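# Structural overview for review
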Amino acid sequence: MRIASDGLPATIENRTFDELAIGDSATISRTLSADDLALADALRGEPGPAGLAAICGTALIDALLTTRLPGPGATLRRHDLHVVRPLHVGDTLVVTLTLRAKDAADQRAVFAAHGVDQRGAIVLEGTVEAQAPIERIVLLREEPPRIDIQRHQRWDALLESCRALPPLPTAVVFPCDRLSIAAAIDAAAAGLIAPLLIGPRDVIARAARDAGREIGDLPLLEAADPAGAAAAGVAEVVAGRSAALMKGALHTDVLLHAIVTEPALRTQRRISHCYLFDAPGRPEPFILTDCVVAIAPTLAEKADIVRNAIDLAHALGIATPRVAILSAVETVNPKIASTLDAAALAKMADRGQITGALVDGPFGFDNAISAEAAGIKHIASPVAGRADVLVVPDLEAGNMLAKDLEFLSHADAAGIVLGARVPVVLTSRADTLRMRLASCALAVRVTAAVRAAATSPRAT
């Protein structure tokens, strides 16, 4: 047998129908990635993990048949598979085929199929029929084709949409770690922002070198500590020298305290945070709010949270966003306060107190994003299953949902705070550089939309 440089056989050789014996078996395994989920969603035409086990199981069975048992020349005729449990990204699927019967009349081989996950729990089982080869076939083993899943094309499109817009003068508050200073420098290089770095020069310069960058001739305003940097950043905005704020390596509450205690930055609205999520399996990005700022918002505060999210959706080009107000259930229940708030917000939209969007609720998370789930529960709403904006009932629910999306579903998120006089680019320590640049792009788009509205004939 010829052996390739990677230690695997250089050729694939089949077993003919006559060589097959009852009880012969072969096994294959694969640990499922976010790209597997994205590809499965593309094949199904419906996002979500429901079809991952079936699609990946069928693919592994076909791989077994055509490369191992019987091997080259075999063709799948039919299968009868039953999916016992779903699979998720990170699970390992182990599929085994065992020959149970042969039919010499048409060289048909019948296999029992059995699939388990990494814990040994049954994922799928059933039978598979294949046409076995009758002649010896030996093929050179080839590397499988590489499929490039464009998981970041939406962020690329967002960044590209800012190319024609001028850089946004931005006070970057305390960028004293590797990621925050790299984001500021790279966002400047991309033409997104014109940064003013605020913090201790030596610490910022050292962080930039750690990130493989140099601050060069970027303007820098000395500030000894996070609180002083936050105050200086707010002062730059009040003076009109900066049009946005960007969080660096400081706690969120330090920056927000400096903002909310400055009367010149206040508006009639409550400030709130919006995530723009790009989740594998979702056809479009969606806004999730408020998972960062409002701990237990009142109805009036939720109305402002909704309004801020609608403004962001408009800035992103969604003319009439569908806003779903989330709760634990999709019916109004006097014992669950968030369902009452959801119903009230929907009625406020009906009466013109909230404008520019279709607002409905309460919704469970499932029937807000899945048309199938909404159909099962017979929910008739233009928002159900098609939400562009998801509004959580409180910070606890929102924070857990956001982290679930990021760490279990491998979704990327850009973050921004709205409701003040200027947008605030608010990133997390766990955010990647790409996500930080996307957050800057949100601030650029929001500022451009505000300026366009101020100069429109309707505004005058």
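To start, this report covers the structure provided alongside it. Since the structure is predicted, the reported quantities are computational estimates derived from the model, not experimental observations. (Residues numbered from 1 in each chain as written. Predicted model: local features only at pLDDT ≥ 70, side-chain atom pairs only at ≥ 80, totals over all residues. Heavy atoms only, no water.)

### Section: the pairing of strand β15 (residues 358–363)
The criterion, for reference: The criterion for strand pairing is that DSSP finds at least two bridges linking the strands in question. Each helix corresponds to a stretch of at least 4 residues labelled H or I by DSSP, and each strand to a stretch of at least 2 residues labelled E; elements are numbered beginning at the N terminus. By the criterion used throughout, a crossover qualifies as right-handed when its path from the first strand across the helix to the second strand runs clockwise, the strands pointing away from the viewer.
As paired strands, strand β14 (residues 322–326) and β15 are joined by four bridges and run parallel to one another. Within the sheet, the bridge partner assigned to alanine 324 lies in β15 and is aspartate 360. This β-α-β element, β14 to helix α9 (residues 337–350) to β15, shows right-handed connectivity.

### Some thoughts on the packing of helix α6 (residues 226–238) against helix α7 (residues 252–260)
As a reminder of what qualifies: Fitted lines through C-alpha atoms give the axes, limited to the stretch in contact for helices. The angle between two N-to-C directions lies from 0 to 180 degrees. The scheme is simple: roughly parallel for angles under 35 degrees, roughly antiparallel for over 145, roughly perpendicular for 65 to 115, oblique for anything else. Take the far helix as your reference; a near helix turned counterclockwise from it by less than a right angle gives a left-handed crossing, and one turned clockwise gives a right-handed crossing. Contacts are assigned to residue pairs with any non-hydrogen atoms lying within 4.5 Å of each other. Residue polarity is assigned by list, with Asp, Glu, Lys and Arg as charged and Ala, Val, Leu, Ile, Met, Phe, Trp, Tyr, Cys and Pro as nonpolar; anything else, Gly included, falls into the polar class.
Remark: α6 packs on α7, axes separated minimally by 9 Å, with the N-to-C direction vectors making an angle of 40°. By the angle between their axes, α6 is oblique relative to α7. Where α6 crosses over α7, the handedness of that crossing is right-handed. Mapping the contact onto sequence places Pro226, Ala227, Ala230, Ala231 and Val234 in α6 and Val254, Leu255, Ala258 and Ile259 in α7. Taken together, the residues of the contact of α6 with α7 break down into nine nonpolar, no polar and no charged.

### Points about the sheet that holds strand β2 (residues 25–31)
Read across the open sheet, the five strands follow the order β2-β4-β5-β6-β3; overall the sheet is antiparallel. The two strands at the open ends of the sheet, each matched to only one other strand, are β2 and β3 (75–83). When the angles between neighbouring strand axes are averaged without regard to direction, this sheet yields 20°. Bridge count for strand β4 (residues 92–103) against strand β5 (residues 108–116) is nine bridges, and the pairing is antiparallel. By the bridge assignment for β5, leucine 97 is matched with alanine 113. Helix-sheet contacts for helix α2 (residues 52–67) involve β2, β3, β4, β5 and β6 (122–131), and the interaxial angle to β4 is about 55°.

### Describing α9
Stated precisely, the cut-off is as follows: Multiply 1.5 Å by the residue count of a helix minus one, and that product is the helix's expected span. Burial classes follow relative accessibility: with a 1.4 Å probe on protein chains only, a residue under 20% of its type's maximum area counts as buried, one over 50% as exposed, and anything between as partly exposed.
Given a rise of 1.5 Å per residue, 14 residues ought to cover 20 Å, and the 20 Å separating the end C-alpha atoms of α9 matches this to within 8%. Among all positions of α9, only Ser338, Thr339, Asp341, Ala342, Leu345, Ala346, Met348 and Ala349 are buried. For α9, the elements touching its buried residues are α8 (299–315), β14 and β15. The positive-phi residue at the C-terminal boundary of α9 is glycine 352, with phi of around 85°.

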